[in-house]
Amino acid sequence: MKLKNLFSVSAVPLAFALLSFNATAVSPPHPTGLNAHMVNIQRFDRNDYRAQEATKMFPAPAAGMVQHILSLPKLENEDDYMIEIQIGQTQMVDCNKHGLNGELKELTVQGWGYNYYQVDEIAEGPSTMMACFELAKKEAFVRIPGELKMRYDSRLPKVFYLPEGAELRFRTWKVDSTYQYSK
């Protein structure tokens, strides 16, 4: 009888804690649609490169490279936003955790001072070695180590040079909390 009372007394707080955690762990879509396709994306390789007015100071893509240009729309109070960039490839993977090798370098346009980013090569990287069924493969984005988080700035496009076959994915972050103070 004591076990039954103990269970009924502890079940309510446990259920409340589990339900509360799930409510805060799931974020609803942002009402402004920030993860919608509001960013203008252009891709140029060596064969179809056209200098754009806003990016004419950046170098043309070299052979085997693709220039990715992200033009961010102007937002009110851009200091409250960030953009996160990840670079990798979509691959068929098994149950192991997979990664790619590559280094994202930040370079500067000489004479202009504008930054751009480049990955010279991407190669197969580390993977766990669990036994998996061959039929259990699925498509997933596999990325190079790290990610790039930068301030949201619509004044100048973000320019990336990646090897052919590489993909750039991004998302926009917005600050939803206020500053806390320690005195």
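What this report covers is the structure whose coordinates are included nearby. Note that this is a predicted model, so its numbers are computed, not measured. (Residues numbered from 1 in each chain as written. Predicted model: local features only at pLDDT ≥ 70, side-chain atom pairs only at ≥ 80, totals over all residues. Heavy atoms only, no water.)

### Notes on the state of the cysteines
And step 1. With the rule as written, the count across this model stands at 1 disulfide.
And step 2. Cys95 shares a disulfide with Cys132; S-S distance 1.8 Å. On the sign convention where negative means left-handed, the S-S torsion of about -80° between Cys95 and Cys132 marks this disulfide as left-handed. You can see Cys95 sitting in the loop between strand 3 (81-93) and strand 4 (98-101) and its partner Cys132 sitting in the loop between strand 7 (123-127) and strand 8 (138-143), a full 37 residues away along the chain. (Disulfide = S-S within 2.5 Å. Helix = DSSP H or I, 4+ residues; strand = E, 2+ residues; numbered from the N terminus.)

### Side note on the sheet that holds strand 1 (residues 40-45)
And step 1. Judged by pairing direction, the sheet is mixed, and its 5 strands sit side by side in the order 1-2-10-6-5 without closing on themselves. The open sheet has two free edges, formed respectively by strand 1 and strand 5 (104-108), since each of these has just one partner strand. Averaged over all neighbouring strand pairs, the angle between strand axes comes to 25°, with direction disregarded.
And step 2. By the bridge criterion, 6 bridges tie strand 2 (residues 65-71) to strand 10 (residues 158-163) in an arrangement that is antiparallel. By the bridge assignment for strand 10, Gln67 is matched with Tyr161. (Pairing = 2+ DSSP bridges. Axes fitted to C-alpha atoms, helices over the stretch in contact; angles between N-to-C directions.)

### Description of the packing of aromatic side chains
And step 1. All chains considered together, the criterion is met by 7 aromatic pairs.
And step 2. Ring geometry for Phe44 and Tyr49: centres 6.1 Å apart, planes at 85°, overall edge-to-face.
And step 3. On the accessibility criterion, Tyr49 (24% relative accessible area) is partly exposed.
And step 4. Ring-pair connections join several aromatic residues into one group, and the members of that group are Phe58, Trp112, Tyr114, Tyr116 and Tyr161.
And step 5. Above the ring of Trp173, the side-chain terminus of Lys149 is found at 5.6 Å from the ring centroid. (Phe/Tyr/Trp six-rings, centres within 6.5 Å; stacked < 30°, edge-to-face > 60°. Buried < 20%, exposed > 50% of the residue type's maximum accessible area, 1.4 Å probe, protein only. Lys NZ or Arg CZ within 6 Å of the ring centre and 35° of its normal.)

### A short note on the environment of Val142
And step 1. Mapped onto the fold, Val142 is located in strand 8.
And step 2. Sequence separation between Val142 and Gly125 is 17 residues; the distance between their C-alpha atoms is 9.6 Å.
And step 3. With sequence-adjacent residues up to four places away left out, Val142 is seen in contact with Gly88, Gln89, Gln91, Val93, His98, Gly99 and Leu100. (Contact = heavy atoms within 4.5 Å.)

### A look at the nonpolar core
The tendency in soluble globular proteins is for nonpolar side chains to be buried as a group.
And step 1. Counting 22 residues, the largest nonpolar core has Ile85, Ile87, Ile122, Met150 and Phe160 as the members making the most contacts within it.
And step 2. Going through the elements one at a time, strand 3, strand 6 (115-119), strand 9 (148-151) and strand 10 are the ones with two or more residues in this core.
And step 3. Phe44, Met65, Ile69 and Val109 belong to the second largest nonpolar core, which has 9 residues in total. (Core = buried A, V, L, I, M, F, W, Y, C linked by side-chain atoms within 4.5 Å.)

### Looking at the environment of Lys56
And step 1. Among the secondary structure elements, Lys56 is positioned in the loop between strand 1 and strand 2.
And step 2. Given the relative accessible area of 47%, Lys56 is considered partly exposed.
And step 3. Reaching out from Lys56, the side chain makes a polar contact with the side chain of Glu53 at a distance of 3.0 Å. (Polar contact = N/O pair within 3.5 Å; in protein donor to acceptor, adjacent residues only side chain to side chain.)

### Some points on unusual backbone geometry
And step 1. Its identity is not glycine, yet Asn77 carries a phi of approximately 60°, on the positive side.
And step 2. With respect to the helices, strands and loops of the structure, Asn77 is situated in the loop between strand 2 and strand 3.

### So, the pattern of salt bridges
And step 1. With the rule as written, the count across this model stands at 8 salt bridges.
And step 2. We note a salt bridge from Glu53 to Lys56, for which the minimum N-O separation is 3.0 Å.
And step 3. Overall, the relative accessible area of 62% leaves Glu53 in the exposed class.
And step 4. Notably, a salt bridge pairs Asp120 with Lys105, separated by 2.2 Å at the nearest N-O pair. Within this pair, whereas Asp120 is found in the loop between strand 6 and strand 7, its partner Lys105 is found in strand 5, the two being separated by 15 residues in sequence.
And step 5. Through salt bridges that share partners, Arg143, Glu147 and Lys149 make up one connected network. (Salt bridge = Lys/Arg side-chain N within 4 Å of Asp/Glu carboxyl O.)

By themselves, these are just geometric observations and shouldn't be taken as functional.
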